Amino acid sequence: MKKYCTHISDKFVMASSLVVLTFAIQSHAALDQAQLLFSGGASEKPLVETLVGDAIAGTTIQTSQGQMREVTLSDGTAITLSPGSSVTIETYHYNRTDHTGTITIRVNNGLVKIIGGMINNRLPIKILSHDAVITMDNAAGAFTTDKTGTKATLLYGDSLTLRAGNRFTQTVNPGFTLIAKHQKRGLITEESDTQQLL
């Protein structure tokens, strides 16, 4: 795996950093995976680290406190981890000829945004947590999990479906959150307008 490090000014915002990633993808035709790692405190300039290599099943990607990382897989699927988050790529196969394949991502902890790429245009991405299985169909979502449960928010796209035990719920409404939470009566699922959660 190759590693490239660049220091950027503290005025460089995350949106600009995504432009850097776009240029990296365009300048390297055989790119299989790219990662940006943001780190630094209030008085430090952030460090941007880009890692280029194959997306290997079983790979765990994590951030420490004060870091953000964006991973772009070869089909265009983008995974953004907030500080203190971790995901594992359980399965990843992409056929560049017909743009099909499979993706299964486990959200171990923290807050993660996933934007579907070419595979997700045809087949759902499976997202796992410790207590739920979520399918994301041609969409982008934000996912968080901890010991109290799992939340999945549809940012845009077709749908999210959350299954927990023998219960499930689905949304086709952007801005709605699917919730699996532990209560005295067991694991329950529900759908909520994100505005009600704030």
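Residues numbered from 1 in each chain as written. Predicted model: local features only at pLDDT ≥ 70, side-chain atom pairs only at ≥ 80, totals over all residues. Heavy atoms only, no water.

### Things to note about the overall build of the chain
For step 1, the next point in the chain: Regarding its fold elements, the chain presents 3 helices and 14 strands.
For step 2, the next point in the chain: Here the chain holds 198 residues, and the buried ones make up 42% of them.
For step 3, the next point in the chain: In the chain, once contacts between residues fewer than 6 apart in sequence are set aside, the share between residues at least 24 apart is 41%.
For step 4, the next point in the chain: As presented, the chain carries roughly 10,300 Å² of accessible surface, and 53% of it is formed by carbon and sulfur atoms. (Helix = DSSP H or I, 4+ residues; strand = E, 2+ residues; numbered from the N terminus. Buried < 20%, exposed > 50% of the residue type's maximum accessible area, 1.4 Å probe, protein only. Contact = heavy atoms within 4.5 Å. Areas by Shrake-Rupley, 256 points an atom, 1.4 Å probe, with all protein chains shown as cover.)

### Observations concerning the pattern of salt bridges
For step 1, the next point in the chain: All chains considered together, the criterion is met by 1 salt bridge.
For step 2, the next point in the chain: A salt bridge links Glu90 to Arg106, with the nearest nitrogen and oxygen atoms 3.0 Å apart. One end of the pair, Glu90, is in strand β7 (residues 86-95); the other, Arg106, is in strand β8 (residues 100-115), and 16 residues separate them in sequence.
For step 3, the next point in the chain: Owing to a relative accessible area of 32%, Glu90 belongs among the partly exposed residues under this scheme. (Salt bridge = Lys/Arg side-chain N within 4 Å of Asp/Glu carboxyl O.)

### Overview of the side chain of Gln67
For step 1, the next point in the chain: Mapped onto the fold, Gln67 is located in the loop between β4 (59-62) and β5 (68-73).
For step 2, the next point in the chain: A polar contact of 2.8 Å, which involves the side chain of Gln67, links it to the side chain of Ser64. (Polar contact = N/O pair within 3.5 Å; in protein donor to acceptor, adjacent residues only side chain to side chain.)

### Some thoughts on the confidence of the model for the chain
For step 1, the next point in the chain: Taken as a whole, the chain shows an average pLDDT of 74; of its residues, 64% reach a score of 70 or greater.
For step 2, the next point in the chain: Across the chain, element-level confidence peaks in strand β9 (residues 125-128) with a mean pLDDT of 98 and bottoms out in helix α1 (residues 14-27) with 29.
For step 3, the next point in the chain: In this model, residues 1-34 is a region of pLDDT below 50 whose contacts with residues beyond four sequence positions or in other chains number 65 contacts.
For step 4, the next point in the chain: Note on residues 43-53: pLDDT is under 50 here. Beyond four places in sequence and across chains, it has 49 contacts. (pLDDT = per-residue confidence, 0-100.)

### Thoughts on unusual backbone geometry
For step 1, the next point in the chain: Phi at His99 takes a positive value of approximately 60°, unusual for a residue other than glycine.
For step 2, the next point in the chain: Along the chain, His99 falls in the loop between β7 and β8.
For step 3, the next point in the chain: For His99, a relative accessible area of 28% puts it in the partly exposed group.

### Points about the nonpolar core
For step 1, the next point in the chain: By size, the foremost hydrophobic cluster in this structure holds 29 residues, and its most contacted members are Ile79, Val87, Ile114, Ile127, Met136, Phe143 and Leu160.
For step 2, the next point in the chain: For this core, the secondary structure elements donating two or more residues are β5, β6 (78-81), β7, β8, β9, β10 (133-146), β11 (149-164) and β13 (176-183).
For step 3, the next point in the chain: Beyond its immediate stretch of four places on either side in the chain, Ile114 contacts Thr77, Ala78, Ile79, Ile105, Ile125, Ile127, Met136, Ala139, Ala140, Gly141 and Phe143. (Core = buried A, V, L, I, M, F, W, Y, C linked by side-chain atoms within 4.5 Å.)

### A word on the environment of Thr63
For step 1, the next point in the chain: Structurally, Thr63 is set in the loop between β4 and β5.
For step 2, the next point in the chain: With a relative accessible area of 8%, Thr63 lands in the buried category.
For step 3, the next point in the chain: Along the sequence, Thr63 and Leu81 sit 18 residues apart, while their C-alpha atoms lie 6.9 Å from each other.
For step 4, the next point in the chain: In this view, Thr63 contacts Met68, Arg69, Leu81, Ser82, Pro83, Gly84 and Ser85; residues no more than four positions away in its chain are not counted.
For step 5, the next point in the chain: A polar contact of 2.6 Å, which involves the side chain of Thr63, links it to the backbone oxygen of Ser82.

### Examining the environment of Thr150
For step 1, the next point in the chain: Inspection of the secondary structure assignment puts Thr150 in strand β11.
For step 2, the next point in the chain: Since its relative accessible area comes to 3%, Thr150 is described here as buried.
For step 3, the next point in the chain: When the C-alpha atoms of Thr150 and Val107 are compared, they prove to be 9.6 Å apart, with 43 residues separating the residues in sequence.
For step 4, the next point in the chain: Within the local environment of Thr150, its side chain forms a polar contact with the side chain of Ser129, the two groups lying 2.8 Å apart.

### As for the side chain of Thr80
For step 1, the next point in the chain: Residue position: Thr80 is located in strand β6.
For step 2, the next point in the chain: On the accessibility criterion, Thr80 (8% relative accessible area) is buried.
For step 3, the next point in the chain: A distance of 3.2 Å separates a polar atom in the side chain of Thr80 from a polar atom in the side chain of Glu70.

### With respect to the environment of Asn121
For step 1, the next point in the chain: Structurally, the position occupied by Asn121 is in helix α2 (residues 118-122).
For step 2, the next point in the chain: Among the residues examined, Asn121 registers a relative accessible area of 46% and is labelled partly exposed.
For step 3, the next point in the chain: Considering only alpha carbons, one finds Asn121 and His99, 22 residues apart in sequence, at a separation of 8.9 Å.

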